[in-house]
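Commentary on secondary and tertiary structure
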Amino acid sequence: MYMKCVGLLEKRGVRREDIAECVLFLQKQYIEDLHIAQCLKMVDDVLHKREVQHAIITAIELDRSAEQGSMIDQDLRHLLMQDAPLYGIDEVLAYGICHLYGSIAITNFGYIDKVKPGIIGKLNTHQEGVCHTFLDDIVGAIAAAAAGKLAHGNSRSEQEG
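Scoring rules and cut-offs
Residues numbered from 1 in each chain as written. Predicted model: local features only at pLDDT ≥ 70, side-chain atom pairs only at ≥ 80, totals over all residues. Heavy atoms only, no water. Helix = DSSP H or I, 4+ residues; strand = E, 2+ residues; numbered from the N terminus. Rg over C-alpha atoms; globule rule 2.2 N^0.38 Å. Buried < 20%, exposed > 50% of the residue type's maximum accessible area, 1.4 Å probe, protein only. Contact = heavy atoms within 4.5 Å. Areas by Shrake-Rupley, 256 points an atom, 1.4 Å probe, with all protein chains shown as cover. Lys, Arg positive; Asp, Glu negative; His and termini not counted. Charge placed at Lys NZ, Arg CZ, Asp CG, Glu CD.

In terms of helices and strands, the chain carries ten helices and zero strands. Of the regular secondary structure in the chain, the N- to C-terminal order runs α-α-α-α-α-α-α-α-α-α. For 161 residues, the compact-globule formula gives about 15 Å, and the C-alpha radius of gyration of the chain, at 15 Å, lands near that figure. Referenced to the eigenvectors of the C-alpha coordinate spread, the extents of the chain come out at roughly 55 × 30 × 25 Å. Buried positions account for 47% of the 161 residues belonging to the chain. Counting only contacts in the chain whose residues sit at least 6 apart along the sequence, the fraction spanning at least 24 positions is 73%. In the form shown here, the chain has an accessible surface area of approximately 8500 Å², with 53% of it arising from carbon and sulfur atoms. Taking the average location of the 16 positive side-chain charges in the chain and that of its 23 negative ones, the two points are 4 Å from each other.

Structure representation (structure tokens):
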């Protein structure tokens, strides 16, 4: 299932390394000498969790269905294609990932969803005919969860906090 999810992400233009760069963005000021390889390891750890895999598959299928016009409910399709601001189910799905890694993942998600660095900003550009309503939040949640996992394992942050 891990490889299936990595493949689905790559087909949508998201590499594991892109997510790791978001983790680095979130944690570099807190962890001295943090390297992208450490961030990538945390991303892989998160991607191996079944709940995360289910969220990825669900998110990508919903986005693709909206793009392809195969949704029965056209009002829902319109909401997804527009990434309507008051449609919050995309964030709710992402919170499920964050909850696996505690409050630090949740606060990281709120921050990364606001500033949209790297791949998250690219996914959020709202190109005609392309839907990433769920994917941008799922990628942000994976990065936030990986950053939370990294922070929990960092002895310096435990000593300071």
